[in-house]
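One-letter residues, chain by chain:
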Amino acid sequence: MNRLLMQALTPKERLSGIQDRLSDGSSLGDICLTLLALAAFVAFLYAVFGLQRRLRRTEIDDSRRLFRSALVELGITVRQRDLLRRIAADLRLPEPAVLLLGSGIYWSHTRRWMTEGPSKRPQTQAEIEKLAALLFPQARPETDD
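Within every chain, residues take consecutive numbers counted from 1 along the sequence as written. Per-residue local features of the predicted model are confined to residues with pLDDT of at least 70, and side-chain atom pairs are confined, for both listing and counting, to 80 or more; whole-chain, interface and lining totals are unaffected and use all residues. The side-chain figures draw on all heavy atoms in the structure; neither hydrogens nor water molecules are used.

A. Spatial organisation of the overall build of the protein chain. From N to C terminus, the protein chain includes eight helices and zero strands. Every helix listed is a DSSP run of H or I at least four residues long, and every strand listed is a run of E at least two residues long, numbered separately from the N terminus. Ordered by position in the sequence, the α and β elements of the protein chain form the string α-α-α-α-α-α-α-α. Accessibility here uses a 1.4 Å probe with only protein chains present; expressed as a share of the type maximum, an area under 20% marks a residue as buried, one over 50% as exposed, and anything in between as partly exposed. Buried residues in the protein chain amount to 21% of all 145 residues. Within the protein chain, contacts between residues at least 6 apart in sequence are counted, and of these 52% link residues at least 24 apart. To measure how exposed things are, a 1.4 Å probe is used in the Shrake-Rupley method; for residues, cover is taken only from the protein chains shown. Counting only carbon and sulfur atoms, one obtains 61% of the accessible surface of the protein chain, whose full area is about 11,400 Å². Throughout, a contact is declared for two residues whenever any of their heavy atoms are within 4.5 Å.

This is the structure we're talking about:
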């Protein structure tokens, strides 16, 4: 018996042994079951990686969440953030972060908001101008000509 354990098998003999075992002991049902299990495993991996990718990109794909996180990172006051959120909500902007792209876009939306809605307080205009100076320090202040 010790001689059998000590025998060295060549790779060709191992391969033919595996091949014999698979051809003798497997039926069509076993092969289908193995393929089905493999397909289920691949589908599981696909679902896990898809979910992982979706969770990583939620902030980018969700424009409202992107807008909220951008407002927090700008370092403006809560009152100023609320004003920007109110402007974006009242104008029903599909991509509210557009307000932060440039001074021209900002001013066109804020002017439209001031004229469309119910009468705004005069101090709201001052808040809008102060916010514009914080958001776009390099741009010159807009005037109503």
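Next comes the rest of the description.
B. Just the packing of aromatic side chains, in detail. Stacked, tilted and edge-to-face are the three classes assigned to paired rings of Phe, Tyr and Trp, where Trp is represented by its six-membered ring and a pair needs centres within 6.5 Å; plane angles under 30 degrees give stacked, over 60 edge-to-face, the rest tilted. A complete count under the given rule lists two aromatic pairs for this structure. Summarising the aromatic geometry, the rings of Y106 and W107 are spaced 5.5 Å apart at their centres and angled 80° between planes, so their arrangement reads as edge-to-face. Accessibility expressed as a relative area gives 0% for Y106, which makes it buried. In this structure an aromatic cluster arises from ring pairing among Y106, W107 and F136.

C. Region of interest: the confidence of the model for the protein chain. Looking at the protein chain as a whole, its pLDDT mean stands at 81, while 80% of the residues score no less than 70. At the level of individual helices and strands, the protein chain shows its lowest average pLDDT in helix α1 (residues 2-6), which scores 55, and its highest in helix α6 (residues 78-90), which scores 92. For every residue, the predictor reports its confidence as pLDDT, a number between 0 and 100.

D. Representation of the side chain of E127 in the model. Mapped onto the secondary structure, E127 falls in helix α8 (residues 122-135). With near-sequence residues (within four places) excluded, E127 lies in contact with R79 and L83.

E. Molecular detail of the pattern of salt bridges. We count a salt bridge whenever a side-chain nitrogen from Lys or Arg sits within 4 Å of a carboxyl oxygen from Asp or Glu. Taken as a whole and judged by the stated rule, the model has three salt bridges. In this structure, R85 and D82 form a salt bridge, with 2.8 Å as the shortest nitrogen-oxygen distance. With R85 and D82 both in helix α6, this residue pair falls three residues apart, about one helical turn.

F. Inspection of helix α7 (residues 103-116) at higher detail. With 14 residues, α7 extends 20 Å between its outermost C-alpha atoms, agreeing within 8% with the 20 Å of an ideal straight helix rising 1.5 Å per residue. Next to the buried residues of α7 lie α6 and α8. A helix is expected to reach a length of 1.5 Å times the quantity of its residues less one.

G. A look at the packing of α6 against α8. The contact between α6 and α8 brings their axes to 11 Å, and the two run at 105°. On the basis of their axis angle, the class for α6 and α8 is roughly perpendicular. Contact residues: α6 offers R79, Q80, L83 and L84, while α8 offers Q123, T124, E127, I128, K130, L131, L134 and L135. Between the N-to-C directions of two axes lies an angle of 0 to 180 degrees, each axis being a line fitted to C-alpha atoms and, for a helix, fitted only over the stretch in contact. An angle below 35 degrees is read as roughly parallel, one above 145 as roughly antiparallel, one from 65 to 115 as roughly perpendicular, and any other as oblique.

H. Spotlight on α6. The end-to-end C-alpha distance of α6, which contains 13 residues, comes to 18 Å, matching closely the 18 Å that a straight helix rising 1.5 Å per residue would cover. Contact partners of the buried residues in α6: α5 (63-74), α7 and α8. The first or second residue beyond α6 is R92, which carries a positive phi of 55°.

I. Quick look at unusual backbone geometry. With phi around 55°, R92 is a residue other than glycine that occupies positive phi space. Mapped onto the elements of the fold, R92 is located in the loop between α6 and α7. Owing to a relative accessible area of 71%, R92 belongs among the exposed residues under this scheme.

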